[in-house]
Amino acid sequence: MNTQHDPLAWIDDEIAALKEAGLYTHIRVIDSPQGAWLTIDGRRVLNLCSNNYLGLANHPRLVQAAKEAMDKYGVGPAAVRTIAGTMSLHVELERRLAAFKGVEAAITFQSGFTANLGTIPAIVGREDVIFSDQLNHASIIDGCRLSRAKIIAYPHNDVDALEDLIKEHRGNYRRALVVTDGVFSMDGDIAPLPQLAEVAKRHNCILMVDDAHGEGVLGRGGRGIVDHFGLHGIVDIEVGTLSKAFGVVGGVVAGSKRLVEWLRQRGRPFLFSSAMTVPDVAACLAALDLLEESTELVDRLWENARYFKAEMQALGFDTGQSETPITPVMLGEAPLAQTFSRRLFEEGVFATAIGYPTVPRGAARIRVMPSAAHTKEDLDFALQAFAKVGRELGVIG
Ligand SMILES: *Cc1c(COP(=O)(O)O)cnc(C)c1O
């Protein structure tokens, strides 16, 4: 081997720079199922950072459904959907998701990420323009780039600025897409979807919302942001994930029969990558059963979120502008957020620090994700730890 030839040596410098800036991501390894409490490094810690909004990731009904389905269908789909990988379970899940969302049809992908990567380039191309909220999720950004359409970012949730940009640019392009997160995952604020729908309609634009953090959280019984605003039939494309509130893994696109038929022909991750596995699909079907039977889990999630947020504010923490259970604890600089997170862990609370590039520089935070799985005692335990560490580090008085 040529010892001079070391073309990846630059990575060492990059990693050192990340560590220097407090932006290096330390990955904790979990030795237990997801739930209110986790085992990490041999210790029981309170879990405040999973997207397991409803506690479904280890729900006995989902686990049982997955086991039964594996006995009947095995484990893997063994091919892409279009060749030999579509099982009756996939078709059943798509039918049930469409009914749950109140739309004509739905199509599943391997994840929310691939749902965005598959959908956007199938809808717009070189001759087209995309108006994208500047805080949209990375998977929307990548989907936009893959489409080769002209991308114009509009100021976050600013409908007037969006309309000005549409007026200026729309005429130069064939099709136009307005795309936004439904719930913004780092701040917990909600896109002004009714106003976006009016602007999209006025200027003949397609409207797409990615409701990853609204699925199972917003709307009647967790039916999502379109249901929350009563915009059935008005939002053209609704993307969702089955990896957050649903507790499993997978992505979904809900809309018209026409849209879904097209994505089966042109959604590249659907055509060129294998589908959700048997236990994934069966567990998602069980999650739908639970959501359709009762609003109990969704109600408990909101109750827990309201309690935690109010108590954190009473302690003097800045919890940002969230309108959803997502509770950002704003800390400013990344090293402080990392120290805060490490001290919380020592106190038995697992809450990861989030810094650039996931959030803007100087807006580092700890993002707390309350769950229906938490008891009031769990939340009080967390509040005590936040109060102790917050005072120790001078974040609160
Ligand atoms: C989490 C998230 C995704 C990715 O979902 P996965 O199913 O985990 O791939 C996509 N979009 C948004 C807005 C998200 O928050």
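Just so it is clear, the structure is predicted and the values come from calculations on it, not from any experiment. (Residues numbered from 1 in each chain as written. Predicted model: local features only at pLDDT ≥ 70, side-chain atom pairs only at ≥ 80, totals over all residues. Heavy atoms only, no water.)

Engineer: Honestly, the domain arrangement of the protein chain in this entry has me stumped. Any pointers?
Structural biologist: Think of interface size as the accessible area that goes away when the parts come together; that is how it is often given. Each assigned domain of the protein chain is listed here: domain 1 (3-30 + 295-392) and domain 2 (60-293). The gap between the C-alpha centroids of domain 1 and domain 2 is 27 Å. At the interface, 17 residues of domain 1 touch 15 residues of domain 2. Between domain 1 and domain 2, roughly 1,300 Å² of surface is buried when both sides are summed, and carbon and sulfur atoms account for 65% of that area. Across the domain 1-domain 2 interface, the total number found is one salt bridge. Among the ionic pairs, Asp187 bridges to Arg365, the shortest N-O distance being 2.8 Å. Looking at the side of domain 1 that touches domain 2, the elements with two or more residues in it are α13 (296-315) and β13 (364-368). Ranked by the residues each element gives to the side of domain 1 that touches domain 2, the list is headed by α13, at three residues. (Domains from an automatic or database assignment. Contact = heavy atoms within 4.5 Å. Buried area = accessible area lost by both parts, 1.4 Å probe. Salt bridge = Lys/Arg side-chain N within 4 Å of Asp/Glu carboxyl O. Helix = DSSP H or I, 4+ residues; strand = E, 2+ residues; numbered from the N terminus.)

Engineer: What is the right way to look at the pattern of salt bridges in this model?
Structural biologist: Where charged atoms from two side chains of opposite charge approach closely, those side chains can pair. One pass over the structure, following the stated rule, counts 21 salt bridges. Taking the shortest distance from any N to any O, the salt bridge between Asp289 and Arg96 comes out at 2.8 Å. One end of the pair, Asp289, is in helix α12 (residues 278-293); the other, Arg96, is in helix α4 (residues 88-101), and 193 residues separate them in sequence. Using a relative accessible area of 29% as the deciding quantity, one classes Asp289 as partly exposed. The class for Arg96 is buried, based on a relative accessible area of 14%. Between Lys101 and Glu215 there is a salt bridge, with the nearest N and O atoms lying 2.1 Å from each other. Pair noted here: Lys101 is in helix α4 and Glu215 is in the loop between β7 (206-210) and α9 (225-229), with a separation of 114 residues, a long-range link. The same class applies to Lys101 and to Glu215, which are both buried. One network of salt bridges, in which partners are shared, links Arg343, Glu346, Glu347, Lys388 and Glu392. (Buried < 20%, exposed > 50% of the residue type's maximum accessible area, 1.4 Å probe, protein only.)

Engineer: Is there a simple way to explain the site of the ligand in this structure?
Structural biologist: Near the ligand you find 13 residues, and of these Gly112, Phe113, Asp210, Thr241 and Lys244 are the closest. Contact between the ligand and His137: a nitrogen atom at 3.4 Å from a side-chain N or O atom of the residue. At 3.3 Å, a side-chain N or O of His213 approaches an oxygen atom of the ligand. Notes on the ligand: free accessible area 380 Å², of which the protein chains cover 86%. Taken together, the residues of the shell around the ligand break down into two nonpolar, eight polar and three charged. (Near = heavy atom within 4 Å. Polar contact = N/O pair within 3.5 Å; in protein donor to acceptor, adjacent residues only side chain to side chain. Areas by Shrake-Rupley, 256 points an atom, 1.4 Å probe, with all protein chains shown as cover. Nonpolar A, V, L, I, M, F, W, Y, C, P; charged D, E, K, R; others polar.)

Engineer: Can you walk me through the environment of Asp189 in this structure?
Structural biologist: Tracing the backbone shows Asp189 in the loop between β6 (176-181) and α8 (193-202). For the pair Asp189 and Ile152, spaced 37 residues apart in sequence, the C-alpha to C-alpha distance is 21 Å. With residues up to four places along the chain from it excluded, the contact list for Asp189 reads His156, Asn157, Gly182, Val183, Phe184, Gln321, Ser322 and Glu323. Polar contacts involving the side chain of Asp189 include one to the side chain of Asn157, which spans 3.5 Å.

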